[in-house]
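Here is what each chain is made of, one letter per residue.
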Amino acid sequence: MRSKGRKESLSDSRDLDGSYDQLTGNPPGQTKKALKQRFLKLLPCCRPKSIPSLSESKCFFLPLCVHKPRGLSPDSVEDEFELSTVCHRPEGLEQLQEQTKFTRKELQVLYRGFKNECPSGIVNEENFKQIYSQFFPQGDSSTYATFLFNAFDTDHDGSVSFEDFVSGLSIILRGTIDDRLNWAFNLYDLNKDGCITKEEMLDIMKSIYDMMGKYTYPAMRDEAPREHVENFFQKMDRNKDGVVTIEEFLESCQKDENIMRSMQLFDNVI
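Quantities reported herein were computed from a predicted structural model and do not represent experimental measurements. (Residues numbered from 1 in each chain as written. Predicted model: local features only at pLDDT ≥ 70, side-chain atom pairs only at ≥ 80, totals over all residues. Heavy atoms only, no water.)

(A) Inspection of the overall build of the protein at higher detail. Looking only at helices and strands, the protein has 13 helices and 4 strands in total. Expressed as a percentage of its 270 residues, the buried residues of the protein come to 47%. (Helix = DSSP H or I, 4+ residues; strand = E, 2+ residues; numbered from the N terminus. Buried < 20%, exposed > 50% of the residue type's maximum accessible area, 1.4 Å probe, protein only.)

(B) Structural context of unusual backbone geometry. A positive phi angle is found at Lys192, which is not glycine, with a value near 55°. Of note in the backbone geometry, Lys240 takes a positive phi value of approximately 55° without being a glycine. Turning to its location among the elements, Lys240 is positioned in the loop between α11 (224-236) and β4 (243-245).

(C) The arrangement of the confidence of the model for the protein in detail. Looking at the protein, the pLDDT average stands at 74 and 62% of residues meet or exceed 70. Long-range and interchain partners of residues 1-13, a stretch whose pLDDT sits below 50, account for 19 contacts in this model, where long-range means more than four residues apart. Predicted confidence is poor over residues 20-86, with pLDDT under 50, and the contacts of this stretch with residues over four places away or in other chains come to 167 contacts. (pLDDT = per-residue confidence, 0-100. Contact = heavy atoms within 4.5 Å.)

(D) Fine view of the pattern of salt bridges. Scanning all chains against the criterion turns up 7 salt bridges. The shortest N-O distance in the salt bridge between Glu125 and Lys129 comes to 4.0 Å. On the criterion of helical spacing, the pair formed by Glu125 and Lys129 is a turn pair, its members being 4 residues apart in helix α6 (residues 125-133). We note a salt bridge from Lys235 to Asp256, for which the minimum N-O separation is 2.5 Å. Of this pair, Lys235 sits in helix α11 while Asp256 sits in the loop between α12 (246-254) and α13 (257-263), and the two are 21 residues apart along the sequence. Judged by its relative accessible area of 10%, Asp256 falls in the buried class. (Salt bridge = Lys/Arg side-chain N within 4 Å of Asp/Glu carboxyl O.)

(E) Region of interest: helix α8 (residues 162-174). Along its 13 residues, α8 runs 17 Å from first to last C-alpha, staying within 8% of the 18 Å computed at 1.5 Å per residue. The element α8 is largely enclosed, with a buried count of 10 among its 13 residues. (Expected span 1.5 Å × (residues − 1).)

(F) Summary view of the side chain of Ser262. Looking at the element boundaries, Ser262 is found in helix α13. Among the polar contacts made by the side chain of Ser262, one reaches the main-chain carbonyl oxygen of Ile259 at a distance of 2.6 Å. (Polar contact = N/O pair within 3.5 Å; in protein donor to acceptor, adjacent residues only side chain to side chain.)

The structure is reproduced here in structure tokens:
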């Protein structure tokens, strides 16, 4: 990508995060706290009324959550400050619009929230788990957060950038049914070998039950995760070979009305 002048780069940076009003030339009147609250309300994990309880849910998207343009040169104090606090700069706004199904305004809102939580522009696994734990203080979300982090970290470099985040979020919130089911399958296929084993599914279910905590109503039984896995395989493992392939997963999900309804829980979240 060709280098840009200082003014053009700074304009792009402000354009992406919405920190500069192109009409008035002034910063918007919202505080960081207000922006953070607005961002958190957009995420599925912050909308508990939209997510069914674990005991009644067959939803494969149980709680989900949780840079500036290239070419910024440190020719001024303001630019040096930006470089000292942001070590990764995302693609330009237009490119992100092409790559996702979010509008320009939605990307700006998401970016402001992401930057508030991750000033460096990227989040590693430990940071991701720490942020995610805020939404489930009653339980231990660390294991599930690791699985979720790996699903967002598509290039497996140990970090999630804003591009990674909005790309995954775009699939979850705006993707087709097949897109969402493929994303869920990838989440559950822990070793990425193209099939889901009972061991992998049990690890997922245990992590979800750990995340929900012991003080749920009705109380969760110790054997519940294994029972959930058995029910899953009874329905999904069509040829009874002990693993669930992507073809079996898609076919079974598309024939299940409850699962199809659960896919719609994330429509119109943003």
